[in-house]
Amino acid sequence: MENRIPLIAGNWKMFKTCPEAVETAGQLARLVADVTDRDVMIAPPFTGLALVAETLKGSQVSLGAQNLFWETEGAYTGEISPAMLASAGCTYVIIGHSERRQYFGETDETMNKKISAAIKSDLTPVLCIGESEKERESKETFSVLDKQVTKGLKGFSSADMETLVIAYEPIWAIGTGKTATREQAQEVHLFLRSLIEKKFEKGLAKSIRILYGGSVKPDNITELMAMPDIDGALVGGASLDAETFSKIVHY
Ligand code: 13P
């Protein structure tokens, strides 16, 4: 795994009211207080961010948002700017999650604008990519990922992408209990690292963190993390309970 620090991130999606978010974040902060050799991040819904930031102060756990809008401010009802997220205490932002593509019409082009906006505000983007079941069955996995990476990262330099994290989330494995085997995940992660080397620089390909996401649980994290190109996990359902997520963090 070279010198890459593992990142275990929890995407809470549209779960938890403010009091629930604060309670879970507080429990998690206590449970992972001993962790020094890996990064931990949680991404609560927007409404919980500022409160959870207070709860996480002085802890090992970083705060992320699940989305942003690329403009700095303006008449964009319902949207949230990068500076707003930073001021709420976020240091990470998840971008291009397949649920945003599926339900809210996000594309590789909007993703590209969002990544650019995140970088300008010193937020670490976690770019989500992944193929559908149909695409995997018709052997289009690599071409789909190539397109997502090429369009999503168009125009960036290696320096721009220094902190960027990629999350490979096969859509067929999200919330289904069907995890990619560690060999399937490793094959894709290696492909992505080679793609980054081809399109950017060797140094970036070596340092960039590529997370796996899709039904990650305490009982499959260890085998996934044993693979050389898997640098962490983006966890959905199993990140909602502090004890379960702490077990994943302590893989
Ligand atoms: P699950 O872990 O619930 O499958 O969700 C994965 C995911 O979408 C994380 O972003």
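It should be noted that the structure appears before, not after, this text.
Let me sum up the structure you'll find in this document. (Residues numbered from 1 in each chain as written. Predicted model: local features only at pLDDT ≥ 70, side-chain atom pairs only at ≥ 80, totals over all residues. Heavy atoms only, no water.)

## Concerning the pattern of salt bridges
Part 1 of the reasoning: Inspection of the entire model under this criterion finds 15 salt bridges.
Part 2 of the reasoning: Between D231 and R193 there is a salt bridge whose closest N-O contact spans 2.7 Å. Taken together, the residues span a long stretch of sequence, with D231 in the loop between helix 10 (221–225) and strand 8 (232–235) and R193 in helix 8 (residues 182–199) at a distance of 38 residues. Each member of the pair D231 and R193 is classed as buried.
Part 3 of the reasoning: What emerges from the salt-bridge pattern is a single network uniting R4, R193, D229 and D231. (Salt bridge = Lys/Arg side-chain N within 4 Å of Asp/Glu carboxyl O. Helix = DSSP H or I, 4+ residues; strand = E, 2+ residues; numbered from the N terminus. Buried < 20%, exposed > 50% of the residue type's maximum accessible area, 1.4 Å probe, protein only.)

## Here's the deal with the packing of aromatic side chains
Part 1 of the reasoning: Under the criterion given, the structure shown has 5 aromatic pairs.
Part 2 of the reasoning: Seen from their ring centres, F69 and Y76 are 5.0 Å apart, and the 55 degrees between their planes marks the pair as tilted.
Part 3 of the reasoning: Ring pairing ties together the aromatic residues F69, W70 and Y76, which thus form one cluster.
Part 4 of the reasoning: In this structure, K16 packs its charged tip against the face of W12, placed 5.4 Å from the ring centre.
Part 5 of the reasoning: R38 extends its terminal NZ or CZ atom over the ring of Y251, reaching a point 4.1 Å from the ring centre. (Phe/Tyr/Trp six-rings, centres within 6.5 Å; stacked < 30°, edge-to-face > 60°. Lys NZ or Arg CZ within 6 Å of the ring centre and 35° of its normal.)

## Concerning the site of the ligand
Part 1 of the reasoning: Lining the immediate environment of the ligand, one finds 13 residues, of which K13, H97, G175, S215 and G237 sit closest.
Part 2 of the reasoning: Side-chain polar atom of E169 to an oxygen atom of the ligand: 2.9 Å apart, as the coordinates give it.
Part 3 of the reasoning: Measuring from an oxygen atom of the ligand, one finds a backbone N or O atom of G236 at 2.9 Å.
Part 4 of the reasoning: For the ligand, the accessible surface in isolation is 310 Å², of which the surrounding protein chains cover 97%. (Near = heavy atom within 4 Å. Polar contact = N/O pair within 3.5 Å; in protein donor to acceptor, adjacent residues only side chain to side chain. Areas by Shrake-Rupley, 256 points an atom, 1.4 Å probe, with all protein chains shown as cover.)

## Some details on unusual backbone geometry
Part 1 of the reasoning: With phi around 50 degrees, K13 is a residue other than glycine that occupies positive phi space.
Part 2 of the reasoning: Judged by relative accessible area, which is 19%, K13 ranks as buried.
Part 3 of the reasoning: Non-glycine residue K139 carries a positive phi angle of around 60 degrees.
Part 4 of the reasoning: Looking at the secondary structure, you find K139 in the loop between helix 6 (133–137) and helix 7 (141–152).

## What about the state of the cysteines?
Part 1 of the reasoning: Per the counting criterion, the structure on display carries 0 disulfides.
Part 2 of the reasoning: No disulfide involves C18; its sulfur sits 13 Å from that of C90, the nearest cysteine.
Part 3 of the reasoning: For C90, a relative accessible area of 4% gives the class buried. (Disulfide = S-S within 2.5 Å.)

## Focus: helix 1 (residues 18–31)
Along an α-helix, a turn takes 3.6 residues, which lines up residues three or four apart on a common side.
Part 1 of the reasoning: Relative to the 20 Å expected for 14 residues at 1.5 Å per residue, helix 1 spans 20 Å between its end C-alpha atoms, a close match to the ideal helical length.
Part 2 of the reasoning: Restricting attention to buried positions, one finds in helix 1 the residues A21, T24, A25, G26, L28 and A29.
Part 3 of the reasoning: Residues of helix 1 that are buried in the fold lie against strand 2 (39–43), helix 2 (49–56), strand 3 (61–65) and helix 11 (242–249). (Expected span 1.5 Å × (residues − 1). Contact = heavy atoms within 4.5 Å.)

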